[in-house]
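Okay, here's what each chain looks like letter by letter:
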Amino acid sequence: MKHKSEYFTLFSNCIPISGAKNAAIYDVQYHELVMVPVELVSVLEKIKTLTQAEYKDNFDEETLLVLSKYIEFLEKNEVGFWSTNPEWFPPISDEWDFPSITTNAIITIEDECFFAKKAIEHLDDLNCKALELRFTGKEGFKKVKEILDFTKESGIQYIQCIVNLFDKNDTYDWLSIIKNNPRLHNVDIYNSTISKVDTIDENRTISYHTNDFTNLCCGVVDKKYFSVNIPNYTESLRHNSCLNRKISIDAQGNIKNCPSMSQSFGNIKDTTLAEALEK
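Residues numbered from 1 in each chain as written. Predicted model: local features only at pLDDT ≥ 70, side-chain atom pairs only at ≥ 80, totals over all residues. Heavy atoms only, no water.

## A few points about the nonpolar core
Core analysis: the largest hydrophobic core is formed by 36 residues, its most contacted members being Ile107, Leu133 and Trp174. Grouped together as the second largest cluster of nonpolar side chains are 21 residues, Ala23, Val36, Val43 and Ile47 included. (Core = buried A, V, L, I, M, F, W, Y, C linked by side-chain atoms within 4.5 Å. Buried < 20%, exposed > 50% of the residue type's maximum accessible area, 1.4 Å probe, protein only.)

Here you go:
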């Protein structure tokens, strides 16, 4: 038989992950999820030390037939391969670290934004790379542009804007603003008269929502938002990937871990973000 003396081996970048109801092969090189049955993950773990000739003695005919089809599926999707020396393909390191005290932040702006620039300066000092700006009041389009222009002087690399539409009768050139701000990846506009998504390029969108945005929202769990990469995977093994190295400043300037939490660690008016992080 073709693979009788070989072992079925997953590529090192393809990591099996099991949940309560579902499982997937997590491809951290090509940033893809390959969905598989939960039972298959335990079977793959079992057969990785067995040649095909050996594992045939561990399963009944029905299981072997199903397993054969899944292995063909995994081969076709370039998730695994047959090898006579699986020890030559060790797993990737699962160590995680990041060269900054905080990696991501949220700033909520209502009617005043006097502290927003101060907060951005503090985040830049902390080497923060991702920022979500929540405009929940009636500041106006000019204020959004002003804050975005200020971020151009920082080291922040990724920005998302959440906006409650100021006036349904007004139209703003969001396409222009996202094109003129290379760091701005996504704009979510709430309280809109329409529901649609405009795709600017492969990774940048403007989304319109007819419902109101609540500042207590701490995220939506959905497959389309999964970040399939090595840093996210290794961080998630050791930390809550939503709260780890995260900081937020609410509309009153209170410094929190997450906007949905009540505990404050000071106010940006008289406390630096570095001081708040010490707490």
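## Some thoughts on the confidence of the model for the chain
Per-residue pLDDT for the chain averages 87, and the proportion of residues at 70 or more is 90%. Highest mean pLDDT in the chain belongs to strand β13 (residues 255–256) (96); lowest belongs to helix α6 (residues 174–179) (83). (pLDDT = per-residue confidence, 0-100. Helix = DSSP H or I, 4+ residues; strand = E, 2+ residues; numbered from the N terminus.)

## A look at helix α4 (residues 116–125)
All of the buried residues along α4 are Ala116, Ala119, Ile120, His122 and Leu123. With its buried residues spanning 160° around the axis, α4 presents them on a single face. Looking at the packing, one finds that the buried side of α4 touches β6 (104–109), β7 (130–135), α5 (141–151), β12 (246–249) and α8 (273–278). Of the residues trailing α4, Asn127 is marked for its positive phi of about 65°. (Arc of directions from axis to C-beta. Contact = heavy atoms within 4.5 Å.)

## Topic: the environment of Lys256
Here Lys256 shows up in strand β13. Residue class for Lys256 comes out buried when judged on its relative accessible area of 13%. Taking the C-alpha atoms as reference points, Lys256 and Lys246, separated by 10 residues in sequence, lie 8.8 Å from one another. When neighbours within four sequence positions are excluded, Lys256 is seen to be in contact with Ile247, Ser248, Asp250, Met261, Ser262, Gln263, Ser264 and Phe265. Within the structure, Lys256 has its side chain in polar contact with the backbone oxygen of Met261 (distance 3.1 Å). (Polar contact = N/O pair within 3.5 Å; in protein donor to acceptor, adjacent residues only side chain to side chain.)

## Here we look at the pairing of strand β11 (residues 204–208)
Counting buried residues in β11 gives 5 out of 5 residues, a clear majority hidden from the surface. Neither face of β11 is open: one carries Arg204, Ile206 and Tyr208, the other Thr205 and Ser207, and all of them are buried. Relative to β11, strand β9 (residues 184–190) runs parallel, the two sharing 4 bridges. Within β11, the position partnered with Asp188 by the bridge is Ser207. Bridge count between strand β10 (residues 196–201) and β11: 5 bridges; the pairing is antiparallel. Bridge pairing in β11 places Lys196 opposite Tyr208. Between β10 and β11, which pair antiparallel and follow one another directly, the connecting turn spans 2 residues. (Pairing = 2+ DSSP bridges.)

## Points about the sheet that holds β12
One open sheet accounts for 8 strands, arranged β10-β11-β9-β8-β7-β6-β12-β13; its pairing is mixed. Whereas interior strands pair on both sides, the edge strands pair on one side only; in this sheet they are β10 and β13. Summarising the sheet, β6 and β12 pair through 4 bridges and their orientation is parallel. Bridge assignment links Asn104 to a residue of β12, and that residue is Lys246. Most of the contacts of α4 go to β6, to which it runs at about 175°, and overall it touches β6, β7 and β12. On top of the sheet, α5 reaches β6, β7, β8 (158–164) and β9; it is set at about 165° to β7, its chief contact. (Axes fitted to C-alpha atoms, helices over the stretch in contact; angles between N-to-C directions.)

## Focus: the packing of α4 against α5
Close contact between α4 and α5 brings their axes to 10 Å; oriented N to C, the two are set at 20°. In terms of their interaxial angle, α4 and α5 are classed as roughly parallel. Crossing of α4 over α5 shows right-handed handedness. Residues Ala116, Lys117, Ile120 and Glu121 of α4 touch α5, and the partners they reach there are Glu146, Ile147, Phe150 and Thr151. (Parallel < 35°, antiparallel > 145°, perpendicular 65-115°, else oblique. Left-handed = near helix turned anticlockwise from the far one by under 90°.)

## A look at the packing of aromatic side chains
This structure, assessed with the given rule, holds 6 aromatic pairs. A ring pair is formed by Phe8 and Trp82, whose centres lie 5.4 Å apart and whose planes are at 70°; its orientation type is edge-to-face. Placement of the pair is Phe8 in strand β1 (residues 7–10) and Trp82 in strand β5 (residues 80–83), with a sequence separation of 74 residues. A relative accessible area of 3% places Phe8 in the buried class. Take Trp82: its relative accessible area is 12%, and that puts it in the buried class. The interplanar angle of 35° and the centroid separation of 4.7 Å between the aromatic rings of Phe11 and Phe81 together place this pair among those described as tilted. Placement of Phe11 in the loop between β1 and β2 (14–18) and of Phe81 in strand β5 is noted, with a sequence separation of 70 residues between them. Accessibility expressed as a relative area gives 32% for Phe11, which makes it partly exposed. Residue Phe81 is classed as buried on the basis of its relative accessible area, which comes to 15%. (Phe/Tyr/Trp six-rings, centres within 6.5 Å; stacked < 30°, edge-to-face > 60°.)

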